[in-house]
Amino acid sequence: GEHMPDKEAYINEMMRVLKPGGKFVMATWCQRDDREVPFTKKDEKDLRFLYEEWTHPYFISIEKYAELIDATGVMNEVTTADWVDETIASWRHSIWVGVYDPRGFIFKPTKYLKCVRDAYCL
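Starting from 1, residues in each chain are numbered consecutively following that chain's sequence as written. Predicted model: local features are reported for residues with pLDDT of at least 70 only, side-chain atom pairs are reported and counted for 80 or more only, and whole-chain, interface and lining totals are derived from all residues. With hydrogens and water excluded, all non-hydrogen atoms of the structure serve as input to the side-chain values.

## Some points on the packing of aromatic side chains
No. 1: Only rings of Phe, Tyr and Trp enter the pairing, Trp through its six-membered ring, and a pair is recorded when the two centres are within 6.5 Å. The plane angle decides the type: under 30 degrees is stacked, over 60 is edge-to-face, the rest tilted. All told, the structure shown has two aromatic pairs when counted by the stated rule.
No. 2: Members of the aromatic cluster, connected to one another through ring pairs, are Trp29, Tyr51 and Phe59.
No. 3: Between Lys7 and the ring centre of Tyr58, over which it is positioned, the NZ or CZ distance is 4.4 Å. Counted as over-ring charges are cases with an Arg CZ or a Lys NZ within 6 Å of the ring centre that also lie within 35 degrees of the ring normal.

## Regarding the side chain of Ser61
No. 1: Checked against the element boundaries, Ser61 lands in the loop between helix 2 (41–54) and helix 3 (62–72).
No. 2: Ser61 gets classed as buried once you look at its relative accessible area, which sits at 4%.
No. 3: Among all residues touching Ser61, those that are not within four sequence positions of it are Cys30, Gln31, Arg32, Asp33 and Arg35. Put simply, DSSP marks the helices as runs of H or I at least four residues long and the strands as runs of E at least two long, and each gets a number from the N terminus on. Summary of the burial criterion: residues with accessible area below 20% of their type's maximum are buried, those above 50% are exposed, and those between are partly exposed, where the area comes from a 1.4 Å probe applied to protein chains only. Only heavy atoms matter for contacts: two residues are in contact if any of them lie within 4.5 Å across the pair.

## Comments concerning the layout of surface pockets
No. 1: Taken as a whole, the largest pocket spans an internal volume of roughly 1,700 Å³.
No. 2: Each cavity reported here is a set of points on a 1 Å grid over the protein atoms alone in which a 1.4 Å probe fits but cannot get out, each pocket an open set with protein on both sides within 12 Å along at least five of seven lines, and each lining residue one with an atom within 4 Å of a point. What lines the largest pocket is a set of 45 residues, and nearest its centre among them are Thr28, Trp29, Cys30, Ile62 and Asp82.
No. 3: At the level of elements, helix 2, helix 3, helix 4 (84–100) and helix 6 (109–121) are the ones that each hand at least two residues to the lining of the largest pocket.
No. 4: The element that contributes the greatest number of residues to the lining of the largest pocket is helix 2, accounting for six residues. Grid points are joined across faces, edges and corners, and a volume is the space filled by probe spheres set on the points.

Below is the structure:
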């Protein structure tokens, strides 16, 4: 979902092609729900950096995804789970492996600099 420019259209299409009684499972990057605690200027700056660095149009919250899915009326029960704690170590590891590997700097310096920028994101 993070690469889709129209989240609602994406969810509607996924629900349209879902087999009756089927399950829909999605793993995607989300932002926190800013309806309760609005984003600070730093939060907005960090999100813009992520959008530009990884060419994402924008993120929405896990709560908003649940609302979009629920609004289609296709699913009987919409459940969500936040997997940050289970996945953040592997994301950080994959970035740091690239940062610490000198071959990237030697053979692909522009890719290495992007890897360093990615490390900042995580």
